[in-house]
Amino acid sequence: MSVPGEGDAFPFGLAFQRVLVRLLMLDEAFCHKACGLLRREFFPDAAMGWFFETCRDHYDRHRRPASDVALEEAIGRLDPALRGQYAGVLVQIQGTLVGEREFVIAQLTDFVQRNIFVRAYHAAQGEYNAGRPTAAYDLLQKQMDEIRAVSFDDVDRVWYFEDFPDRMARRYLRASSGDDTFSTGFEALDEMTDGGIHRGEVWCWIAYAKHGKSSVLSHHGYVAVRALRKRVAHILLEGSCDAIAGKYDARWGGALYSRMKRGDVDASVHARLVSEFATMKRLLVIRRLNGWDNTILNVHAELADLKSQGFVPDMVVLDYGDLLQSRKSRDGTYLAQGDAFRDLKSLADMLGVAIWTASQVKRPTSDADEREHILQARSIADSWQKVMVCDFLGSLNWTTEERRAKETNPPWSNARLYPEMYRENEVGRTIPIQIDWATMTFRQAVL
């Protein structure tokens, strides 16, 4: 691979350069960092170099990105022979969609880091050849720190007193818009948690194996889509897309899951769903990630691909977290699962999405299904880091007798939710629920 030398131009085409300039105009965090890291001579196209320099000069003077009006005024001060050409380029820049921000920044970061490395290498080589090996080593170490510090994203920092008015305005807008919090579909749980799951949070249900983890996750996806009209990405790490789609179909249609799986449904139900689904396109996507070694990078890649298609989810349902692997090479499951759940929390923070997932508990005793009890965090399998990372942790509980309640009160089986931990509020009260397993319908019990 060739390495750029000092002052080399971007190895990127015009489309890439237009995205960079558009980011300078729209993204203040990117503009702040790019103005300090990039230089005009990087841009092989003269017009793109001029737009970069103009955006940088505007930011240096006003400490905010250049607007369309500011650039139009700057074009008006150009030589008349260039005005028409640059006005046309500005129209192209204004029409550029920034749908691959993460890809662009990754490529740009790599270019700048390699550029710094080459400059450092030549300077250190000069020191070494001059008989100053210690100075050469110190210079390389300093430049390696600079390479690691290259970032085009802003630092998460708050000047507490100065930010107060804006902080309160942002909170009010989030709360009043209804776009920050999503109902769980259980009234008592919403009440305990200030309305439900919030953006940037990771919520996790724990349960025994084959005790409804995937079904309750589908319930939350259904509530977000149907009741709230939010966009949901349901990502599977095991099982099939068709099986999960069948759970949603059964819930939507109020039809037997077993019949939905066979495509055997009444004509009236089929017609109703076709009509309703026509109004809900692009709100729910189900994706099965291939293989058994998926990390958060695979999840992020899928979300980036969806974003390039115009789909940005409000909620991600990861079915389920225990199957996510660490990005690092780990000897044991304990460390690997801790890494994976920390990555999941970082993804929620970075993208501002709400994430639902689930985790399995330790192998139950032989009488676990017969003895009424509550699963708690101490029963979680493998890594305790899962408990520390998640914003919310609760359990889904039922006994064989509770499941058989449908025999006397069809079609409802009984179960209990136990919200044990929530970072933002007090929980710890059992919520009785009812489940129609045939149609995958969950509801809070009417007492």
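Residues numbered from 1 in each chain as written. Predicted model: local features only at pLDDT ≥ 70, side-chain atom pairs only at ≥ 80, totals over all residues. Heavy atoms only, no water.

Draft legend 1. Quick look at the overall build of the chain. From N to C terminus, the chain includes 17 helices and 11 strands. When its C-alpha atoms are laid out on the principal axes, the chain stretches across 85 × 55 × 50 Å. A separation of at least 24 residues holds for 69% of the contacts in the chain among residues at least 6 apart in sequence. As displayed, the chain has an accessible area near 23000 Å², and 51% of this comes from carbon and sulfur atoms. (Helix = DSSP H or I, 4+ residues; strand = E, 2+ residues; numbered from the N terminus. Contact = heavy atoms within 4.5 Å. Areas by Shrake-Rupley, 256 points an atom, 1.4 Å probe, with all protein chains shown as cover.)

Draft legend 2. Seen up close, the pairing of strand β4 (residues 232-236). Across the 5 residues that make up β4, a large majority, 5, are buried. Side chains V232, H234 and L236 project from β4 onto one buried face, and the interleaved A233 and I235 project onto a second face that is buried too. Inspection of the sheet shows β4 paired to strand β5 (residues 284-288) by 5 bridges, in the parallel sense. If you follow L236 over to β5, its bridge partner there is R288. (Buried < 20%, exposed > 50% of the residue type's maximum accessible area, 1.4 Å probe, protein only. Pairing = 2+ DSSP bridges.)

Draft legend 3. The arrangement of empty space enclosed by the protein in detail. Throughout the structure, instances matching the rule amount to 2 cavities of 30 Å³ or more. If you add up the space inside the largest cavity, you get close to 60 Å³. Lining the largest cavity, in full, are Y208, H211, A368, R371, H373, L375, L396, N397, W398, T399 and R416. Considered class by class, the residues forming the lining of the largest cavity number 5 nonpolar, 4 polar and 2 charged. Each pocket or cavity is described by its volume, and for the second largest cavity that value is around 40 Å³. Taken together, S215, S218, H219, Y222, K247, Y248, R251 and M440 make up the lining of the second largest cavity. Of all elements in the fold, only α10 (213-227) and α11 (241-253) reach the threshold of two or more residues within the lining of the second largest cavity. The element best represented in the lining of the second largest cavity is α10, accounting for 4 residues. Taken together, the residues that form the lining of the second largest cavity break down as 3 nonpolar, 3 polar and 2 charged. (1 Å grid on protein atoms, 1.4 Å probe; cavity = no way out; pocket = protein on both sides within 12 Å on 5 of 7 lines; lining within 4 Å. Points joined across faces, edges and corners; volume = space filled by probe spheres on them. Nonpolar A, V, L, I, M, F, W, Y, C, P; charged D, E, K, R; others polar.)

Draft legend 4. Expanded view of helix α3 (residues 46-62). Relative to the 24 Å expected for 17 residues at 1.5 Å per residue, α3 spans 24 Å between its end C-alpha atoms, a close match to the ideal helical length. Of the positions making up α3, those classed as buried are A47, M48, G49, W50, F51, F52, T54, C55, R56, H58 and Y59. Structurally, the start of α3 carries an N-cap: the backbone nitrogen of A47 is 3.1 Å from a side-chain oxygen of D45. The positive-phi residue at the C-terminal boundary of α3 is R63, with phi of around 60°. (Expected span 1.5 Å × (residues − 1). Polar contact = N/O pair within 3.5 Å; in protein donor to acceptor, adjacent residues only side chain to side chain.)

Draft legend 5. Here's a closer look at the layout of surface pockets. Of the volumes computed, that of the second largest pocket is approximately 460 Å³. The wall of the second largest pocket is formed by 22 residues, among which K210, K213, S214, E238 and K247 lie closest to the centre. When contributions to the lining of the second largest pocket are tallied by element, the ones reaching two or more residues are α10 and α11. Its residues assigned to classes, the lining of the second largest pocket comprises 9 nonpolar, 7 polar and 6 charged.

Draft legend 6. The side chain of N294, seen in detail. With respect to the helices and strands, the residue N294 is situated in the loop between β5 and α14 (296-308). Of the residues examined, N294 reaches a relative accessible area of 4% and is grouped as buried. Ignoring anything within four residues of it in the chain, the contact list for N294 reads L237, L289, L323, L324 and Q325.

Draft legend 7. Broad picture of the packing of aromatic side chains. Counted by the stated rule, this structure contains 18 aromatic pairs. Seen from their ring centres, W205 and W356 are 6.0 Å apart, and the 15° between their planes marks the pair as stacked. Note that W205 is positioned in strand β3 (residues 202-207) and W356 in strand β7 (residues 354-360), a separation of 151 residues in sequence. By the burial criterion, W205 is buried, and W356 matches it. Look at W252 and F277: their rings are 5.4 Å apart centre to centre, the planes differ by 85°, and that puts the pair in the edge-to-face class. Placement of the pair is W252 in helix α11 and F277 in helix α13 (residues 267-277), with a sequence separation of 25 residues. In this structure W252 comes out as buried when scored by relative accessible area, which is 6%. Among the aromatic residues, those joined into a ring-pair cluster are W203, W205, W356, F392 and Y422. Stacked on the ring of Y320, the Lys or Arg K213 has its end atom at 5.4 Å from the ring centre. Just above the ring of W292 sits the side chain of R288; from NZ or CZ to the centre is 5.4 Å. (Phe/Tyr/Trp six-rings, centres within 6.5 Å; stacked < 30°, edge-to-face > 60°. Lys NZ or Arg CZ within 6 Å of the ring centre and 35° of its normal.)

Draft legend 8. Summary view of the sheet that holds strand β10 (residues 431-436). Across the sheet, which stays open at both edges, the 9 strands sit in the order β5-β4-β6-β7-β3-β8-β9-β10-β11 with mixed pairing between neighbours. Since the sheet does not close on itself, it has two edges, and those belong to β5 and β11 (441-444), each with one partner. Pairwise comparison of adjacent strand axes, ignoring direction, gives a mean angle of 25° for this sheet. Sheet topology note: the β3/β7 ladder contains 6 bridges and is parallel. (Axes fitted to C-alpha atoms, helices over the stretch in contact; angles between N-to-C directions.)

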